[in-house]
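Single-letter residue listing:
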Amino acid sequence: MYRCALILAAGQGTRIKSDIPKVLHKVCGKEMVNHVIDNMRKASIEDVNVIIGKGAELVKKETESRKVSYSLQEEQLGTGHAVKCAAEFLKGKKGTVLIFAGDAPLTKETTIKELIKYHEENNNSATLLSALVEDPTGYGRIIRDENGQVLKIVEHKDCNEEELKVNEMNAAMYCFDIEDLVNALEKISNDNVQGEYYLTDAIGIVKEEGKKVGAVVTDYEDTIGVNSRAQLAEAEEILRNRINRIHLDNGVTLIDPRSTYIGADVVIGKDTILYPNTILEGNTKIGQRCTILQNTRIKDSIIENGATIESSVILESKVGENTNVGPFAYIRPESSIGNNVKIGDFVEIKKANIGNETKVAHLTYIGDAEVGSGCNFGCGTVVVNYDGKKKHKTIIGDNSFIGCNTNLVSPVKVGDNTYIAAGSTITNEVSEGDLAIARAKQRNIKGWVEKKGLKK
Ligand code: UD1
Ligand code: CA
(Lines give C-alpha, C1' and ligand atoms only; values in the text may rest on other atoms or scores of the structure.)
(Ligands and ions follow the chains in the order given, each with its own letter.)
Protein backbone atom coordinates (compact mmCIF):
# COMPACT_ATOMS: atom_id res chain seq x y z
CA MET A 1 0.00 0.00 0.00
CA TYR A 2 1.33 3.43 -0.97
CA ARG A 3 1.61 5.82 2.00
CA CYS A 4 2.40 9.49 2.36
CA ALA A 5 1.96 12.13 5.03
CA LEU A 6 0.72 15.70 5.37
CA ILE A 7 1.86 17.86 8.26
CA LEU A 8 -0.16 20.95 9.10
CA ALA A 9 2.19 23.79 9.91
CA ALA A 10 0.68 26.94 8.43
CA GLY A 11 -0.84 28.55 11.53
CA GLN A 12 0.78 31.31 13.56
CA GLY A 13 -0.38 29.91 16.88
CA THR A 14 -1.75 33.04 18.52
CA ARG A 15 -2.17 31.36 21.91
CA ILE A 16 1.58 30.80 22.28
CA LYS A 17 2.16 34.59 22.00
CA SER A 18 5.31 34.54 19.93
CA ASP A 19 6.86 36.30 16.96
CA ILE A 20 8.02 32.99 15.52
CA PRO A 21 5.60 30.36 14.11
CA LYS A 22 4.39 27.97 16.80
CA VAL A 23 5.62 24.80 15.08
CA LEU A 24 9.22 26.10 15.30
CA HIS A 25 9.20 26.24 19.08
CA LYS A 26 11.48 23.54 20.39
CA VAL A 27 10.82 20.54 22.60
CA CYS A 28 14.00 18.94 23.99
CA GLY A 29 16.03 21.04 21.57
CA LYS A 30 14.15 20.11 18.38
CA GLU A 31 11.47 22.10 16.57
CA MET A 32 8.00 20.58 17.02
CA VAL A 33 7.45 20.26 13.27
CA ASN A 34 10.76 18.42 12.93
CA HIS A 35 9.71 16.01 15.66
CA VAL A 36 6.59 15.27 13.63
CA ILE A 37 8.57 14.82 10.39
CA ASP A 38 11.04 12.50 12.17
CA ASN A 39 8.13 10.56 13.69
CA MET A 40 6.75 9.97 10.17
CA ARG A 41 10.13 8.73 8.99
CA LYS A 42 10.37 6.37 11.98
CA ALA A 43 7.09 4.90 10.76
CA SER A 44 8.75 4.42 7.32
CA ILE A 45 6.82 7.21 5.57
CA GLU A 46 9.22 8.85 3.14
CA ASP A 47 6.89 11.05 1.09
CA VAL A 48 6.14 13.91 3.50
CA ASN A 49 4.47 17.19 2.54
CA VAL A 50 4.46 20.11 4.97
CA ILE A 51 1.70 22.70 4.65
CA ILE A 52 3.18 26.11 5.37
CA GLY A 53 1.73 29.62 5.53
CA LYS A 54 2.52 31.92 8.46
CA GLY A 55 6.28 32.34 8.53
CA ALA A 56 6.51 30.02 5.51
CA GLU A 57 10.12 30.92 4.69
CA LEU A 58 11.27 30.31 8.27
CA VAL A 59 9.47 26.97 8.51
CA LYS A 60 10.96 25.96 5.17
CA LYS A 61 14.46 26.91 6.26
CA GLU A 62 14.25 24.96 9.51
CA THR A 63 12.83 21.81 7.88
CA GLU A 64 14.82 21.85 4.63
CA SER A 65 17.48 19.35 5.74
CA ARG A 66 14.76 16.72 6.14
CA LYS A 67 13.96 16.56 2.42
CA VAL A 68 10.23 17.17 2.53
CA SER A 69 8.00 18.86 -0.04
CA TYR A 70 5.77 21.86 0.69
CA SER A 71 2.27 23.15 -0.03
CA LEU A 72 1.43 26.78 0.57
CA GLN A 73 -1.70 27.85 2.46
CA GLU A 74 -1.70 31.59 1.89
CA GLU A 75 -4.63 32.38 4.14
CA GLN A 76 -5.24 30.33 7.27
CA LEU A 77 -8.89 29.41 6.90
CA GLY A 78 -8.75 26.25 9.03
CA THR A 79 -7.24 22.77 9.11
CA GLY A 80 -9.62 21.46 6.41
CA HIS A 81 -8.67 24.32 4.11
CA ALA A 82 -4.99 23.61 4.87
CA VAL A 83 -5.33 20.04 3.61
CA LYS A 84 -7.15 21.31 0.50
CA CYS A 85 -4.04 23.38 -0.25
CA ALA A 86 -2.14 20.10 -0.68
CA ALA A 87 -4.36 19.11 -3.63
CA GLU A 88 -1.41 19.18 -6.02
CA PHE A 89 0.58 16.83 -3.73
CA LEU A 90 -2.31 14.35 -3.44
CA LYS A 91 -3.33 14.50 -7.10
CA GLY A 92 -3.46 11.10 -8.76
CA LYS A 93 -2.30 9.29 -5.63
CA LYS A 94 -4.03 6.18 -4.32
CA GLY A 95 -3.45 4.67 -0.90
CA THR A 96 -3.16 5.99 2.64
CA VAL A 97 -2.38 9.54 3.66
CA LEU A 98 -1.44 10.28 7.27
CA ILE A 99 -2.42 13.75 8.41
CA PHE A 100 -0.70 15.03 11.54
CA ALA A 101 -0.72 18.44 13.20
CA GLY A 102 2.69 20.09 13.35
CA ASP A 103 2.16 21.13 16.97
CA ALA A 104 1.90 17.60 18.40
CA PRO A 105 5.48 16.34 18.71
CA LEU A 106 5.20 13.40 21.12
CA THR A 107 3.55 10.58 19.17
CA LYS A 108 5.46 7.35 19.62
CA GLU A 109 6.61 5.33 16.63
CA THR A 110 4.63 2.33 17.87
CA THR A 111 1.43 4.38 18.07
CA ILE A 112 1.77 5.65 14.50
CA LYS A 113 2.40 2.12 13.25
CA GLU A 114 -0.61 0.86 15.18
CA LEU A 115 -2.79 3.59 13.66
CA ILE A 116 -1.70 2.64 10.13
CA LYS A 117 -2.15 -1.07 10.77
CA TYR A 118 -5.64 -0.64 12.23
CA HIS A 119 -6.67 1.62 9.35
CA GLU A 120 -5.45 -0.68 6.60
CA GLU A 121 -6.43 -4.01 8.16
CA ASN A 122 -10.02 -2.78 8.62
CA ASN A 123 -10.18 -1.24 5.14
CA ASN A 124 -11.26 2.04 6.72
CA SER A 125 -11.86 5.23 4.80
CA ALA A 126 -10.76 7.22 7.83
CA THR A 127 -9.16 6.33 11.15
CA LEU A 128 -8.44 8.83 13.87
CA LEU A 129 -6.28 8.75 16.97
CA SER A 130 -7.92 9.71 20.24
CA ALA A 131 -7.19 9.72 23.97
CA LEU A 132 -9.22 9.74 27.14
CA VAL A 133 -8.37 12.76 29.25
CA GLU A 134 -9.62 14.20 32.51
CA ASP A 135 -9.78 17.72 31.15
CA PRO A 136 -10.39 17.87 27.39
CA THR A 137 -10.80 21.68 27.38
CA GLY A 138 -9.89 23.11 23.98
CA TYR A 139 -9.77 19.78 22.17
CA GLY A 140 -12.27 18.41 19.66
CA ARG A 141 -14.53 15.67 21.11
CA ILE A 142 -15.08 12.22 19.58
CA ILE A 143 -18.82 11.59 19.33
CA ARG A 144 -19.81 7.91 19.17
CA ASP A 145 -23.18 6.22 18.67
CA GLU A 146 -24.85 3.80 21.10
CA ASN A 147 -22.72 0.95 19.69
CA GLY A 148 -19.52 2.85 20.29
CA GLN A 149 -18.96 3.59 16.59
CA VAL A 150 -17.36 6.94 15.75
CA LEU A 151 -19.93 9.34 14.27
CA LYS A 152 -18.12 12.65 14.08
CA ILE A 153 -15.80 15.11 15.80
CA VAL A 154 -17.16 18.28 17.38
CA GLU A 155 -14.78 21.14 18.16
CA HIS A 156 -14.76 22.38 21.77
CA LYS A 157 -16.25 25.74 20.80
CA ASP A 158 -19.08 24.06 18.87
CA CYS A 159 -19.99 21.52 21.58
CA ASN A 160 -23.41 21.45 23.23
CA GLU A 161 -23.65 20.65 26.93
CA GLU A 162 -23.77 16.89 26.39
CA GLU A 163 -20.80 16.92 24.00
CA LEU A 164 -18.72 19.00 26.42
CA LYS A 165 -18.95 16.11 28.90
CA VAL A 166 -17.24 13.73 26.45
CA ASN A 167 -13.66 13.19 27.58
CA GLU A 168 -12.40 11.38 24.49
CA MET A 169 -10.30 14.00 22.70
CA ASN A 170 -9.28 14.22 19.06
CA ALA A 171 -5.48 14.04 18.68
CA ALA A 172 -5.54 15.64 15.21
CA MET A 173 -3.71 12.61 13.81
CA TYR A 174 -5.44 10.59 11.14
CA CYS A 175 -5.16 8.04 8.37
CA PHE A 176 -7.37 8.63 5.33
CA ASP A 177 -7.93 6.79 2.11
CA ILE A 178 -6.62 9.46 -0.28
CA GLU A 179 -9.56 9.43 -2.73
CA ASP A 180 -12.18 9.42 0.04
CA LEU A 181 -10.40 12.34 1.72
CA VAL A 182 -10.28 14.42 -1.46
CA ASN A 183 -14.03 13.85 -1.98
CA ALA A 184 -14.89 14.73 1.62
CA LEU A 185 -12.85 17.96 1.50
CA GLU A 186 -15.19 19.23 -1.25
CA LYS A 187 -18.09 19.04 1.18
CA ILE A 188 -16.57 20.83 4.18
CA SER A 189 -18.16 24.17 5.05
CA ASN A 190 -17.17 26.93 7.46
CA ASP A 191 -20.56 27.06 9.10
CA ASN A 192 -19.33 26.89 12.71
CA VAL A 193 -18.50 29.12 15.68
CA GLN A 194 -15.00 29.92 14.43
CA GLY A 195 -16.00 30.33 10.76
CA GLU A 196 -13.21 27.93 9.76
CA TYR A 197 -13.00 24.95 7.42
CA TYR A 198 -12.39 22.11 9.89
CA LEU A 199 -10.56 18.96 8.84
CA THR A 200 -12.41 17.27 11.69
CA ASP A 201 -15.65 17.56 9.68
CA ALA A 202 -14.19 15.16 7.10
CA ILE A 203 -14.71 12.32 9.59
CA GLY A 204 -18.48 12.97 9.88
CA ILE A 205 -18.78 13.42 6.11
CA VAL A 206 -17.07 10.10 5.32
CA LYS A 207 -19.26 8.40 7.93
CA GLU A 208 -22.46 9.88 6.50
CA GLU A 209 -21.48 8.54 3.10
CA GLY A 210 -21.68 5.08 4.66
CA LYS A 211 -17.93 4.47 4.59
CA LYS A 212 -15.92 2.87 7.38
CA VAL A 213 -14.55 5.13 10.08
CA GLY A 214 -12.56 3.92 13.07
CA ALA A 215 -10.53 5.13 16.00
CA VAL A 216 -7.43 4.02 17.86
CA VAL A 217 -7.38 5.12 21.48
CA THR A 218 -3.95 5.87 22.89
CA ASP A 219 -2.34 7.62 25.91
CA TYR A 220 -2.76 11.33 26.34
CA GLU A 221 1.05 11.65 26.42
CA ASP A 222 1.15 10.50 22.79
CA THR A 223 -1.27 13.11 21.63
CA ILE A 224 -0.52 16.32 23.50
CA GLY A 225 -0.97 19.33 21.22
CA VAL A 226 0.94 22.47 22.10
CA ASN A 227 -1.11 25.66 21.90
CA SER A 228 0.37 27.58 24.84
CA ARG A 229 3.68 28.01 26.67
CA ALA A 230 2.27 25.97 29.55
CA GLN A 231 1.61 23.06 27.17
CA LEU A 232 5.08 23.55 25.68
CA ALA A 233 6.60 23.10 29.15
CA GLU A 234 4.37 20.07 29.73
CA ALA A 235 5.51 18.49 26.44
CA GLU A 236 9.13 19.23 27.33
CA GLU A 237 8.78 17.44 30.66
CA ILE A 238 7.06 14.41 29.16
CA LEU A 239 9.67 14.02 26.42
CA ARG A 240 12.60 14.68 28.77
CA ASN A 241 11.41 11.89 31.06
CA ARG A 242 10.89 9.58 28.10
CA ILE A 243 14.39 10.27 26.70
CA ASN A 244 16.04 9.89 30.11
CA ARG A 245 14.25 6.59 30.57
CA ILE A 246 15.61 5.26 27.26
CA HIS A 247 19.19 6.08 28.31
CA LEU A 248 18.68 4.55 31.77
CA ASP A 249 17.37 1.39 30.10
CA ASN A 250 20.44 1.38 27.81
CA GLY A 251 22.86 1.32 30.75
CA VAL A 252 23.63 4.99 31.28
CA THR A 253 23.71 6.28 34.88
CA LEU A 254 21.85 9.53 35.53
CA ILE A 255 22.61 10.69 39.05
CA ASP A 256 19.52 12.92 39.03
CA PRO A 257 17.26 12.45 35.98
CA ARG A 258 15.19 15.49 36.95
CA SER A 259 18.12 17.81 36.34
CA THR A 260 19.56 16.08 33.28
CA TYR A 261 18.66 17.50 29.86
CA ILE A 262 19.30 15.24 26.87
CA GLY A 263 18.27 16.21 23.34
CA ALA A 264 16.06 13.93 21.28
CA ASP A 265 18.87 12.85 18.91
CA VAL A 266 21.72 12.39 21.40
CA VAL A 267 23.44 8.99 21.54
CA ILE A 268 25.17 7.78 24.75
CA GLY A 269 27.20 4.60 25.29
CA LYS A 270 26.79 2.30 28.26
CA ASP A 271 28.47 2.81 31.63
CA THR A 272 28.66 6.52 31.03
CA ILE A 273 27.65 8.59 34.06
CA LEU A 274 25.86 11.92 33.83
CA TYR A 275 25.93 14.21 36.87
CA PRO A 276 23.28 16.86 37.60
CA ASN A 277 22.82 19.83 35.28
CA THR A 278 24.28 18.10 32.27
CA ILE A 279 22.88 19.51 29.01
CA LEU A 280 23.50 17.43 25.88
CA GLU A 281 22.21 18.98 22.67
CA GLY A 282 21.84 18.42 18.92
CA ASN A 283 23.72 15.58 17.25
CA THR A 284 25.93 14.83 20.21
CA LYS A 285 27.44 11.38 20.58
CA ILE A 286 28.97 10.30 23.89
CA GLY A 287 30.97 7.07 24.03
CA GLN A 288 31.09 4.39 26.69
CA ARG A 289 32.49 4.81 30.22
CA CYS A 290 32.56 8.59 30.03
CA THR A 291 32.01 10.73 33.10
CA ILE A 292 30.17 13.96 32.47
CA LEU A 293 30.36 15.93 35.69
CA GLN A 294 28.06 18.71 36.89
CA ASN A 295 27.14 21.81 34.88
CA THR A 296 28.43 20.67 31.50
CA ARG A 297 26.90 21.68 28.16
CA ILE A 298 27.82 19.71 25.03
CA LYS A 299 26.34 20.56 21.63
CA ASP A 300 26.80 18.77 18.27
CA SER A 301 29.98 17.07 19.48
CA ILE A 302 31.59 13.65 19.69
CA ILE A 303 33.06 12.54 23.01
CA GLU A 304 34.95 9.26 22.74
CA ASN A 305 35.13 6.38 25.21
CA GLY A 306 36.42 7.01 28.71
CA ALA A 307 36.56 10.81 28.54
CA THR A 308 35.85 12.93 31.61
CA ILE A 309 34.29 16.36 31.23
CA GLU A 310 33.69 18.66 34.21
CA SER A 311 31.76 21.95 34.29
CA SER A 312 32.69 22.80 30.72
CA VAL A 313 31.14 23.89 27.43
CA ILE A 314 31.92 21.95 24.23
CA LEU A 315 30.47 23.04 20.88
CA GLU A 316 30.73 21.29 17.46
CA SER A 317 33.97 19.55 18.38
CA LYS A 318 35.53 16.19 19.04
CA VAL A 319 37.15 14.97 22.25
CA GLY A 320 39.25 11.78 22.08
CA GLU A 321 39.44 8.70 24.26
CA ASN A 322 40.34 9.03 27.94
CA THR A 323 40.82 12.77 27.61
CA ASN A 324 40.07 15.05 30.56
CA VAL A 325 38.39 18.39 30.01
CA GLY A 326 37.77 21.02 32.70
CA PRO A 327 36.70 22.15 35.12
CA PHE A 328 35.77 25.40 33.41
CA ALA A 329 37.08 24.78 29.90
CA TYR A 330 35.49 26.16 26.73
CA ILE A 331 35.96 24.13 23.54
CA ARG A 332 34.62 26.15 20.62
CA PRO A 333 33.52 24.91 17.17
CA GLU A 334 35.73 22.95 14.78
CA SER A 335 38.15 21.77 17.44
CA SER A 336 39.49 18.26 17.64
CA ILE A 337 41.14 17.11 20.84
CA GLY A 338 43.13 13.86 20.71
CA ASN A 339 43.33 10.88 23.06
CA ASN A 340 44.73 11.06 26.62
CA VAL A 341 44.85 14.84 26.47
CA LYS A 342 44.42 17.13 29.45
CA ILE A 343 42.53 20.37 28.92
CA GLY A 344 42.42 22.03 32.33
CA ASP A 345 40.77 24.96 34.03
CA PHE A 346 40.10 28.23 32.22
CA VAL A 347 41.40 26.96 28.91
CA GLU A 348 39.73 28.06 25.67
CA ILE A 349 40.29 26.14 22.45
CA LYS A 350 38.91 27.44 19.14
CA LYS A 351 39.18 25.82 15.69
CA ALA A 352 42.29 23.92 16.73
CA ASN A 353 43.58 20.36 16.61
CA ILE A 354 45.36 19.12 19.71
CA GLY A 355 47.43 15.93 19.37
CA ASN A 356 47.39 12.89 21.64
CA GLU A 357 48.94 13.09 25.15
CA THR A 358 49.27 16.88 25.03
CA LYS A 359 48.65 18.83 28.25
CA VAL A 360 47.08 22.26 28.33
CA ALA A 361 46.52 22.43 32.04
CA HIS A 362 45.52 25.98 32.89
CA LEU A 363 44.65 29.52 31.81
CA THR A 364 45.48 29.19 28.13
CA TYR A 365 43.97 30.26 24.79
CA ILE A 366 44.64 28.23 21.64
CA GLY A 367 42.86 29.39 18.48
CA ASP A 368 43.36 28.57 14.76
CA ALA A 369 46.16 26.16 15.55
CA GLU A 370 47.59 22.72 14.82
CA VAL A 371 49.23 21.31 17.93
CA GLY A 372 51.19 18.05 17.84
CA SER A 373 51.24 15.24 20.37
CA GLY A 374 53.10 15.07 23.67
CA CYS A 375 53.29 18.86 24.09
CA ASN A 376 53.08 20.71 27.38
CA PHE A 377 51.60 24.17 27.62
CA GLY A 378 52.61 26.22 30.64
CA CYS A 379 50.10 28.32 32.49
CA GLY A 380 48.92 31.44 30.69
CA THR A 381 49.93 30.70 27.11
CA VAL A 382 48.17 32.77 24.47
CA VAL A 383 48.01 32.05 20.77
CA VAL A 384 47.80 35.57 19.31
CA ASN A 385 45.74 34.56 16.29
CA TYR A 386 44.13 37.88 15.36
CA ASP A 387 45.92 40.97 14.07
CA GLY A 388 42.84 43.15 14.15
CA LYS A 389 41.90 42.32 10.56
CA LYS A 390 42.63 38.67 9.89
CA LYS A 391 42.97 35.38 11.71
CA HIS A 392 46.30 33.56 11.24
CA LYS A 393 47.45 30.04 11.88
CA THR A 394 49.92 28.65 14.40
CA ILE A 395 51.58 25.28 13.94
CA ILE A 396 53.28 23.51 16.84
CA GLY A 397 55.13 20.22 16.38
CA ASP A 398 55.27 17.16 18.62
CA ASN A 399 56.84 17.16 22.09
CA SER A 400 57.14 20.93 22.38
CA PHE A 401 57.42 22.50 25.82
CA ILE A 402 55.76 25.91 25.83
CA GLY A 403 56.83 27.88 28.94
CA CYS A 404 54.40 29.79 31.12
CA ASN A 405 53.05 33.07 29.85
CA THR A 406 54.21 32.61 26.26
CA ASN A 407 52.64 34.60 23.41
CA LEU A 408 52.69 32.84 20.05
CA VAL A 409 52.12 35.61 17.50
CA SER A 410 50.51 34.04 14.44
CA PRO A 411 51.31 33.07 11.77
CA VAL A 412 54.15 31.22 13.41
CA LYS A 413 55.67 27.74 13.43
CA VAL A 414 57.24 25.85 16.31
CA GLY A 415 59.11 22.65 15.37
CA ASP A 416 59.19 19.24 17.07
CA ASN A 417 61.11 18.79 20.32
CA THR A 418 61.46 22.48 21.10
CA TYR A 419 61.48 24.52 24.31
CA ILE A 420 60.17 28.05 24.71
CA ALA A 421 61.30 29.97 27.78
CA ALA A 422 58.63 31.34 30.09
CA GLY A 423 57.44 34.84 29.27
CA SER A 424 58.56 34.75 25.63
CA THR A 425 56.75 36.49 22.82
CA ILE A 426 57.44 34.32 19.80
CA THR A 427 57.19 35.97 16.39
CA ASN A 428 59.65 33.87 14.36
CA GLU A 429 59.83 30.18 13.61
CA VAL A 430 61.43 28.00 16.28
CA SER A 431 63.31 25.18 14.58
CA GLU A 432 63.34 21.58 15.64
CA GLY A 433 65.46 20.90 18.72
CA ASP A 434 65.95 24.59 19.66
CA LEU A 435 65.25 26.61 22.77
CA ALA A 436 63.69 30.04 22.12
CA ILE A 437 63.96 32.89 24.59
CA ALA A 438 62.29 36.14 23.59
CA ARG A 439 62.22 38.45 26.60
CA ALA A 440 64.35 41.22 28.09
CA LYS A 441 67.27 40.06 30.17
CA GLN A 442 66.91 40.54 33.92
CA ARG A 443 68.86 43.45 35.50
CA ASN A 444 69.09 43.98 39.32
CA ILE A 445 69.79 47.50 40.64
CA LYS A 446 71.67 47.29 43.89
CA GLY A 447 70.24 49.06 46.95
CA TRP A 448 67.50 50.78 44.92
CA VAL A 449 64.81 50.49 47.63
CA GLU A 450 66.90 52.18 50.33
CA LYS A 451 68.15 54.87 47.94
CA LYS A 452 64.54 55.77 47.12
CA GLY A 453 63.68 55.94 50.85
CA LEU A 454 61.17 53.11 50.48
CA LYS A 455 62.62 50.73 53.04
CA LYS A 456 60.26 49.85 55.92
C1 UD1 B 1 -7.09 20.79 16.38
C2 UD1 B 1 -8.34 20.00 16.02
C3 UD1 B 1 -8.95 19.46 17.34
C4 UD1 B 1 -7.92 18.63 18.07
C5 UD1 B 1 -6.63 19.42 18.30
C6 UD1 B 1 -5.56 18.49 18.85
C7 UD1 B 1 -9.37 21.01 14.04
C8 UD1 B 1 -10.45 21.88 13.54
N9 UD1 B 1 -9.30 20.86 15.35
O10 UD1 B 1 -7.48 21.92 17.12
O11 UD1 B 1 -10.08 18.67 17.06
O12 UD1 B 1 -8.46 18.20 19.32
O13 UD1 B 1 -6.15 19.97 17.07
O14 UD1 B 1 -4.39 19.13 19.14
O15 UD1 B 1 -8.64 20.47 13.26
N16 UD1 B 1 -3.13 24.87 10.81
C17 UD1 B 1 -2.89 25.15 9.49
N18 UD1 B 1 -3.75 25.96 8.81
C19 UD1 B 1 -4.84 26.48 9.38
C20 UD1 B 1 -5.10 26.18 10.74
C21 UD1 B 1 -4.22 25.37 11.43
O22 UD1 B 1 -1.89 24.68 8.92
O23 UD1 B 1 -5.59 27.20 8.69
C24 UD1 B 1 -2.17 24.01 11.54
C25 UD1 B 1 -1.51 24.70 12.71
O26 UD1 B 1 -0.29 25.30 12.34
C27 UD1 B 1 -1.32 23.56 13.70
C28 UD1 B 1 -2.38 22.54 13.34
O29 UD1 B 1 -2.87 22.90 12.07
O30 UD1 B 1 -0.03 22.96 13.57
C31 UD1 B 1 -3.54 22.52 14.33
O32 UD1 B 1 -4.11 23.81 14.39
P33 UD1 B 1 -4.62 24.43 15.76
O34 UD1 B 1 -5.16 25.78 15.50
O35 UD1 B 1 -3.61 24.30 16.81
O36 UD1 B 1 -5.86 23.45 16.06
P37 UD1 B 1 -6.53 23.16 17.47
O38 UD1 B 1 -7.41 24.28 17.84
O39 UD1 B 1 -5.50 22.76 18.43
CA1 CA C 1 -3.31 22.66 18.39
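Computed from a predicted model, the values in this text were never measured in an experiment.

Asks: Let's hear about the overall build of the chain: which residues, and what values?
Replies: Secondary structure summary: the chain contains eleven helices and 37 strands in total. Its C-alpha radius of gyration of 30 Å places the chain more than 25% over the 23 Å reference for a compact globule of 456 residues. Overall, the C-alpha framework of the chain stretches about 105 × 50 × 40 Å when taken along its three principal axes. Considering only intrachain contacts with a sequence separation of at least 6, the fraction spanning at least 24 residues in the chain is 40%. Carbon and sulfur atoms make up 47% of the accessible area of the chain, which amounts to about 22,200 Å² in all. Averaging the positions of the 58 positive and the 64 negative side-chain charges in the chain gives two centres separated by 10 Å.

Asks: So what's going on with the UniProt feature "domain: Nucleotidyl transferase" (unreviewed entry) in the chain? Residues and values would help.
Replies: Residues annotated in UniProt with the feature "domain: Nucleotidyl transferase" (unreviewed entry) correspond here to residues 5-218. Along residues 5-218 one finds 29% helix and 26% strand; the C-alpha atoms at either end are 20 Å apart.

Asks: Account for the side chain of Asp 38, with residues named and values stated.
Replies: You can see Asp 38 is positioned in helix H1 (residues 32-42). In this structure Asp 38 comes out as buried when scored by relative accessible area, which is 16%. Leave out the neighbours within four places in its chain, and Asp 38 touches Lys 30 and Arg 66.

Asks: Report on the UniProt feature "active site" (unreviewed entry) in the chain, specifying residues and quantitative values.
Replies: Here, UniProt's "active site" (unreviewed entry) annotation points to His 362. Positionally, His 362 belongs in strand S28 (residues 359-371). Under the relative-accessibility criterion, His 362 is labelled partly exposed at 33%. Not counting chain neighbours up to four residues away, the residues in contact with His 362 comprise Asp 345, Val 347, Gly 378, Cys 379 and Gly 380.

Asks: An account of the layout of surface pockets is needed here, citing residue identities and associated values.
Replies: Space inside the largest pocket adds up to approximately 1,100 Å³. Its boundaries defined by the atoms lining it, the second largest pocket holds a volume of some 510 Å³. Every residue lining the second largest pocket is counted, 23 residues in all, and those nearest its centre are Cys 28, Gly 29, Lys 30, Glu 281 and Gly 282. Here the lining of the second largest pocket gets three residues from one element, more than from any other, and that element is strand S16 (residues 278-281). When residues of the lining of the second largest pocket are sorted by domain, at least three fall in each of domain 1 (3-222) and domain 2 (247-436).

Asks: Help me get a handle on the site of ligand 1, residues and values and all.
Replies: Taken together, the neighbourhood of ligand 1 is formed by 25 residues, with Gln 73, Gly 78, Thr 79, Glu 155 and Asn 170 sitting nearest. Note that an oxygen atom of ligand 1 is positioned 3.1 Å from one of the side-chain N or O atoms of Asp 103. Notes on ligand 1: free accessible area 750 Å², of which the protein chains cover 90%. Given that more than half its atoms are within 2 Å of the pocket grid, ligand 1 belongs to the largest pocket. Those elements that provide at least two residues to the shell around ligand 1 are strand S1 (3-9), helix H3 (79-84) and strand S10 (168-177). A per-element tally of the shell around ligand 1 places S10 first, with three residues. Of the residues assigned to the shell around ligand 1, the class counts are eleven nonpolar, ten polar and four charged.

Cut-offs used in this document
- Residues numbered from 1 in each chain as written.
- Chains lettered and ligands numbered in written order.
- Predicted model: local features only at pLDDT ≥ 70, side-chain atom pairs only at ≥ 80, totals over all residues.
- Heavy atoms only, no water.
- Helix = DSSP H or I, 4+ residues; strand = E, 2+ residues; numbered from the N terminus.
- Rg over C-alpha atoms; globule rule 2.2 N^0.38 Å.
- Contact = heavy atoms within 4.5 Å.
- Areas by Shrake-Rupley, 256 points an atom, 1.4 Å probe, with all protein chains shown as cover.
- Lys, Arg positive; Asp, Glu negative; His and termini not counted.
- Charge placed at Lys NZ, Arg CZ, Asp CG, Glu CD.
- UniProt positions renumbered as here; feature names shortened; annotations may be inferred.
- Buried < 20%, exposed > 50% of the residue type's maximum accessible area, 1.4 Å probe, protein only.
- 1 Å grid on protein atoms, 1.4 Å probe; cavity = no way out; pocket = protein on both sides within 12 Å on 5 of 7 lines; lining within 4 Å.
- Points joined across faces, edges and corners; volume = space filled by probe spheres on them.
- Domains from an automatic or database assignment.
- Near = heavy atom within 4 Å.
- Polar contact = N/O pair within 3.5 Å; in protein donor to acceptor, adjacent residues only side chain to side chain.
- Sits in = over half its atoms within 2 Å of the grid points.
- Nonpolar A, V, L, I, M, F, W, Y, C, P; charged D, E, K, R; others polar.

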